[in-house]
Amino acid sequence: MSASTAPFKQRYRRSVSDPELKPRLLAFQRSWRESRDAQVRSLEQRTERSFDELRREFAAVKDSTLERIDDYIAEFRANAEAAGATVVQLSTAEEAVNYIAAVCKSRGIDLVVKSKSMVSEEIELNYELEQRGITAIETDLGEWLLQLAEERPSHLVMPAIHQKRQYVAEILGEELGREFDPDDIPAMVASARDGLRRHYLSAGAGLTGANALIAETGSIVVVTNEGNMRLATSLPDVHFVTAGIEKLIPSWSDAERQLQLLPRSATAQTLSTYTTCITGAQPGKEMHVILLDNGRRAMRDSDVIGDALRCIRCGACANVCPPYQIVGGHTFGHIYTGAIGLVNTTFHHGIEDAAGPQGLCVSCGACQTVCPVDIPLPKQILEIRHRSHESGHAPLWEQIALRLWARPRLFHHLMGVAAAGSGLARLVGLVRGDHLRAPLPKRLRWRAIPALPLRSGRTLIKSRAPQSTLSDSPAAGQTVDLFAQCLADRLMPSAVDSAARLIEAGGAAVNVPESQHCCGLPAFDAGDWDMARRMAEHTIEALEDGEREIVTPAPSCVISMQDHWPRLFADDGEWRARAAGVSDRVHDLADWLEGPGRLPDACLRNGDGTSWTAHRFCQASNRNDAGARIDKLVERLTGETARPLAEPDVCCGFGGLTSLAAPEVGAGILERKLACVAESGCDTLITNNPGCVIHLRAGANAGGANHKTLHYADFLAARLPKDP
Amino acid sequence: MTTTTNRTALFAEGLRAAQGEFVQCRSWDDVWQYAESLSDETPVVAPAAYVHLQRGESPDEEDPLRSIADRSVGITIATCGIAETGSVLLIEPAPIDRAVSLLTRHLIVALAEPDIVDELTDGFRWLAQQPRAAAYATFVTGPSRTADIERSLTIGVQGPSRLTVAVLP
Ligand code: SF4
C-alpha cells in the first residue's frame, strides 16, 4: 500500500513525521500568495472590477448552467457531434472505464498516453485499464512521477508537490536506468522529456481532461504549461476527453471569464503557457467525449453542497489552508485534495473516504476568500462533518467531552474542581506564571496546561464596584447584557471582567444573565447538531429576557449565533424566531467599542512604551467582519501604532476541537504563527478570540517565548483609570 | 484608445514576463536571417509561414510529426497577438500545421503588428466566430515549462524550450 492510499490514520502519522513537508508547503503557500495577490490586483485594475464582482459573475454563470445542465449537454453534444466527435454521458466510474476500454479493444489499442485529468484520477483509470490489459502512461511530468511512485496527487494543480528531489532522482533513475544528481533538476526534466517521447510515438490513443466544455460550439478548452496535452492530442489517432458534467459552460465569452480567473488562481499566471481549444474530431481521427456524472447530479441537488460543483479545480483553497500546509494533500483529502476534497469526496467516493480528514479543518474560512467561484466551502465542510457524525464517524472521546460540556451545572462543577486543583498546585509550587508545570505526553508538549484561576469572570464582575465612566458613549445610561463565553469565563476570567469594565467606561451598566453557558459552537463544529441545538436553546433562554443589547468578548460566539443558529433551527420556525431575537442583539465587543459603546480616540493612551502587535481571529477576519481589525481599534484608543505582523489573519492553530483531535496540526500552525510574532519583535501579543488567547499563550509558555499574550480587553482595561 | 506602438510595447512586456523573446523585423527576409543565425540546421517551416517565406524545410506530409521531431529551429505564423498577456494565437487544424510548433526546440512565431489586439476577449470573440479555426486553436504564452519537481521553474519540457515572436510591420 502506498503512502497515499493507506487508511487515514496511517496517512496522518506518516505526513506529520515527515520533517520536510511542512517547510516546503509553507514556502509554496507564501510564494503563491504573493504572486496570486499581485495577479488579482492587476486584474482588478485592468477590468476596473473587484475580484468579488468578477468571481460572483462567473459563479452565476456556473449556477445557471448547472440548473439547466441537460439542455447544455444536449447543445454541446449536437455541436460536437456535428464536428465529428462522439459524446457519451455516463453515470458511474465503472461505466466510464468500460467505455474507454471497449473503444481501445475494438481498435486494437494497448497504450494510451494521458495528459492531466482529475476525472481520470477520480475513476482510478490507470489501475482499471491495467486490469483490462491496457497500459496508460501519464505524460504530465508531475503525474508521471506519481505513476512511477504509485501515488495519488497531493494537490490539484501541483500533483507531486510532496515529493522531494532526492526521491524524484531515485524513481526516475529506476525508470530510465541511469543515475541522476538530485540537484540538477533541469537534467531530470530533460531526461523525462526523452523518456516520455517514445510513448507518444507508439500510443494508439491520447486522453485529456477539459477545463471547460463550450456548449455553443461543442468545443473543449484545456490549459497546460508543459505542452504534453498538445502532443497527446496530435500523435495518436484516438482522442478521449474525460470531464465531469459540471465543466459545461454556455459560450466562448464564459470561457474567457473562466480564463481570467483560472490561471491567476491556480499558478498565479496571467495565462498558462498553452490554452488549447479543440472542436470536434480532426480529419481522419476519432474524438470521444465522456461526460461523467459519478455523484454530480446528487451533489447539485444536495442542500448546501450544490455550489461546490462550480469548482474549476484551481487548487487555491489548498494554497491558503493552514492544516494543508502541515499535513499535505495525501492526508488533507482523498483523491480530491484541499477544502474542496473535504466536500466532494463524499459524492464521488463515499462518506467513508471523506470522514477521516474532516477533523483537520480549523474552520478558519480562508479557502472561500480566494476561491475564484466563491464556493461557501467552510459552510459545506461543516455540513459534511455533520453528515459524517450522523453516520457514526465521531470519535468517542469527542462525544464524551461534548456531553460534559453540554451540561452547564456539571461543567461548572468540574471547572470548579479543576480550579481548586490549580489552586492547590499553586500552593505546592507546580504553577509557573499562569500555567502548570505538570509533564505532558510528548505529542502535547508544545503547549503548557493553563492553570485555572479560582474565580470565574462572572464572579469577578459581581465582586467589584462598577468602573467609573470615562466618557459618555451613545449607549450611556443603557444596561447591557454580557455574554461571557464558557471558555473565557473559566480560563481567562480577567478578560470577561475587562470587557465589562470597558463597556462601563462608556457609561453603560453591565448585567450578567445568570444561567448562561455555551452557545453550542463546539458541538456544531464537531457535527453533533442535536447537542448543539440543546446548547443553543439553553443560551437563547438565558438571553432572551428583556430587550437589552448583548455584548461578548468572543467573536466566535457571535458567528455561531448569526451563522450557525439559523442552520440549527432551519426546520423549526418558533425556535428560529427566538434565536434571531437574540442574535440580532448580539455585538462583538470590538464592534461595540467602535459603535454604540464608542470610547473616544486616544482615551487609553499611557505612553509606557509597550510594543504590541495583533493577531486577528481568522474566522472573523475571513468573514470580513469590521470588528476583526482589532489592531485598528487598539491603535485608535491608545494612540499607539501596532508593530507590523506578517500573516495577521492566518489561523493560530486553535481551531476548536482540531487542536485536540490532531495536536500536530494545532502545533504546526501555532509554530508558523509564533515565528511571525517573534519576527515582529513585540512585547505583547493581543488577540480577540478567547480560544486563540488560550492557544497562543499555552504555546508561548511552552516555547519560552519573550512576549505576553493578552485578550485585547485586558490590554485596554489595564489602562482605565483605577477606581478608588 | 491604445495606439499600435504601445500595444506592441505591452505585448513585448507580457511575452518577456512569460520568458519569451521579442524581435522586431522589417521583412520576412529578416525573420529568415534571424532563424538561420540560430543553428547550423535548416529551419523547418510550417505551411502557413511557407507561403510567405518560400524557403526552408517543410514537414513530411505523410508523417509530419515524426519527420521533424526535435529539430533545432522552426518557423510558424500567428493569427493574432494579445497585448494583455503576450500570447500568440496559433490556428493549426491539421497535424502538419502543428508539427513545427509542437516539436522544434526553438520556435519562431511571425506576427504582423496590426494583428496585435488588446485583450484575450478580442481573441476569443474572433475565435467564436470562426468555427473552422476553432478546430484546433492554441494561445501560446512563452516557451513550455514545468514546476513539478520541488516547484523549481524549468523552461522547456515537452514543447519548445525557446519561443521568439518576430513582429513584422
Ligand atoms: S473550490 Fe474554489 S478554490 Fe478550491 S479548487 Fe475549486 S475553484 Fe479552486
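Residues numbered from 1 in each chain as written. Chains lettered and ligands numbered in written order. Predicted model: local features only at pLDDT ≥ 70, side-chain atom pairs only at ≥ 80, totals over all residues. Heavy atoms only, no water.

We now examine the overall build of chain B. Looking only at helices and strands, chain B features six helices and 11 strands. Here the C-alpha atoms of chain B give a radius of gyration of 15 Å, agreeing with the 15 Å that 2.2 N^0.38 yields for 169 residues. Taking the principal axes of the C-alpha coordinates as reference, chain B spans close to 45 × 45 × 35 Å. For chain B, the proportion of its 169 residues judged to be buried stands at 56%. The contacts of chain B with a sequence gap of at least 6 include a subset with a gap of at least 24, amounting to 72%. Carbon and sulfur atoms provide 48% of the accessible area of chain B, an area that totals close to 6,700 Å². Charge separation in chain B, taken as the distance between the mean sites of 13 positive and 23 negative side-chain charges, equals 3 Å. (Helix = DSSP H or I, 4+ residues; strand = E, 2+ residues; numbered from the N terminus. Rg over C-alpha atoms; globule rule 2.2 N^0.38 Å. Buried < 20%, exposed > 50% of the residue type's maximum accessible area, 1.4 Å probe, protein only. Contact = heavy atoms within 4.5 Å. Areas by Shrake-Rupley, 256 points an atom, 1.4 Å probe, with all protein chains shown as cover. Lys, Arg positive; Asp, Glu negative; His and termini not counted. Charge placed at Lys NZ, Arg CZ, Asp CG, Glu CD.)

Time to look at helix α2 (residues 28-38) of chain B. Inspection of α2(B) places B:W28, B:D30, B:V31, B:W32, B:Y34 and B:A35 among the buried residues, and these make up the whole buried set. Considering only its buried residues, α2(B) is in contact with β1 (21-24), β2 (44-45), α3 (47-53), β3 (73-77), β6 (106-112) and β11 (162-168) of chain B.

For the rest of this paragraph, the subject is the sheet that holds strand β18 (residues 684-687) of chain A. Residues and elements named next belong to chain A. Pairing is parallel in the open sheet, where three strands are placed in the order β17-β18-β19. The two strands at the open ends of the sheet, each matched to only one other strand, are β17 (612-615) and β19 (708-711). Neighbour-to-neighbour, the strand axes of this sheet turn through a mean angle of 30°, independent of strand direction. Across four bridges, the pairing between β17 and β18 is parallel. Its bridge partner being in β18, A614 is matched across the sheet by I686. Packed on one face of the sheet, helix α34 (residues 690-702) meets β17, β18 and β19 and runs near 170° to β19. (Pairing = 2+ DSSP bridges. Axes fitted to C-alpha atoms, helices over the stretch in contact; angles between N-to-C directions.)

This part takes up the domain arrangement of chain A. Domains assigned within chain A are domain 1 (65-296) and domain 2 (394-724). Just the C-alpha atoms count here: the centres of domain 1 of chain A and domain 2 of chain A sit 49 Å apart. (Domains from an automatic or database assignment.)

Next up on the list: the packing of helix α8 (residues 141-149) of chain A against helix α9 (residues 165-176) of chain A. For any two helices packed against each other, one specifies the crossing angle of their axes together with the interaxial distance. All names here are of chain A. Between α8 and α9, the shortest axis-to-axis distance is 10 Å and the interhelical angle comes to 75°. The angle between α8 and α9 falls in the class roughly perpendicular. The residues of α9 that touch α8, namely those facing W144, L145, L148 and A149, are Y167, V168, I171, L172, E175 and L176. (Parallel < 35°, antiparallel > 145°, perpendicular 65-115°, else oblique.)

Residue and element names in this part refer to chain A. Under the definition given, this model contains 69 salt bridges over all chains. In this structure, R55 and D52 form a salt bridge, with 2.8 Å as the shortest nitrogen-oxygen distance. Remark: D52 and R55 occur in helix α3 (residues 51-67); sequence separation between them is three residues, near one turn of the helix. For R548, the salt bridge identified is with D481, shortest N-O distance 2.7 Å. Here R548 is found in the loop between α26 (529-543) and β15 (550-552), whereas its partner D481 is found in strand β13 (residues 479-482), with 67 residues between them in sequence. (Salt bridge = Lys/Arg side-chain N within 4 Å of Asp/Glu carboxyl O.)

Our focus in this paragraph is the site of the ligand. For the ligand, the set of nearby residues contains 14 residues, the closest of which are A:C311, A:C314, A:G315, A:C317 and A:C371. Classifying every residue of the shell around the ligand gives 12 nonpolar, one polar and one charged. (Near = heavy atom within 4 Å. Nonpolar A, V, L, I, M, F, W, Y, C, P; charged D, E, K, R; others polar.)

Residue and element names in this part refer to chain A. Burial along β18 is two-sided: T684 and I686 and L685 and T687, pointing in opposite directions, are all buried. The pairing of β18 with β19 spans four bridges and is parallel. Note that in β19 the partner of T687 across the bridge is H711. Once you follow β18 into α34 and on to β19, the crossover reads as right-handed. (Right-handed = clockwise from strand over helix to strand, strands pointing away.)

Let's shift gears to the environment of A:C317. In this structure, A:C317 sits in helix α14 (residues 316-319). C-alpha separation for the pair A:C317 and A:E398, spaced 81 residues apart in sequence, amounts to 27 Å.

Okay, the interface of chain B and chain A next. Contact residues are listed per partner, giving 46 residues for chain B and 57 residues for chain A. Carbon and sulfur atoms supply 56% of the area that chain B and chain A bury against each other, a total of about 4,400 Å² over both sides. For the interface between chain B and chain A, the tally reads seven salt bridges. As a salt-bridge pair, A:R264 and B:E84 come within 3.7 Å of each other at their nearest N and O atoms. Linking chain B to chain A there are 32 residue pairs in polar contact (both at pLDDT 80 or more). Listing elements by their share of the side of chain B that touches chain A, those giving two or more residues are α4 (64-68), α5 (95-103), α6 (120-128), β8 (136-140) and β9 (145-146) of chain B. For the side of chain B that touches chain A, the class distribution of residues is 21 nonpolar, 14 polar and 11 charged. By the bridge criterion, five bridges tie strand β9 (residues 274-279) of chain A to β8(B) in an arrangement that is antiparallel. Looking across to β8(B), one finds that A:T276 is bridged to B:T138. (Buried area = accessible area lost by both parts, 1.4 Å probe. Polar contact = N/O pair within 3.5 Å; in protein donor to acceptor, adjacent residues only side chain to side chain.)

This part is about the confidence of the model for chain B. Detailed reading of the predicted coordinates is not advisable wherever pLDDT is low. Across chain B, the average pLDDT comes to 92, with 99% of residues at 70 or higher. Here the predicted complex carries an ipTM of 0.96, next to a pTM of 0.93. (pLDDT = per-residue confidence, 0-100.)

With that settled, the discussion passes to the side chain of A:E383. Looking at the element boundaries, A:E383 is found in helix α19 (residues 377-390). On the accessibility criterion, A:E383 (10% relative accessible area) is buried.

What follows concerns the sheet that holds strand β14 (residues 509-511) of chain A. All names here are of chain A. One open sheet holds the four strands; their spatial order is β14-β13-β15-β16, and the pairing between them is parallel. Both outer strands of the open sheet, β14 and β16 (586-588), are each paired with one neighbouring strand and no more. Along the sheet, successive strands turn relative to each other by an average axial angle of 40°, direction set aside. For β15 and β16, the ladder comprises three bridges, and the chain directions are parallel. Bridging from a neighbouring strand, I550 pairs with V586 of β16.

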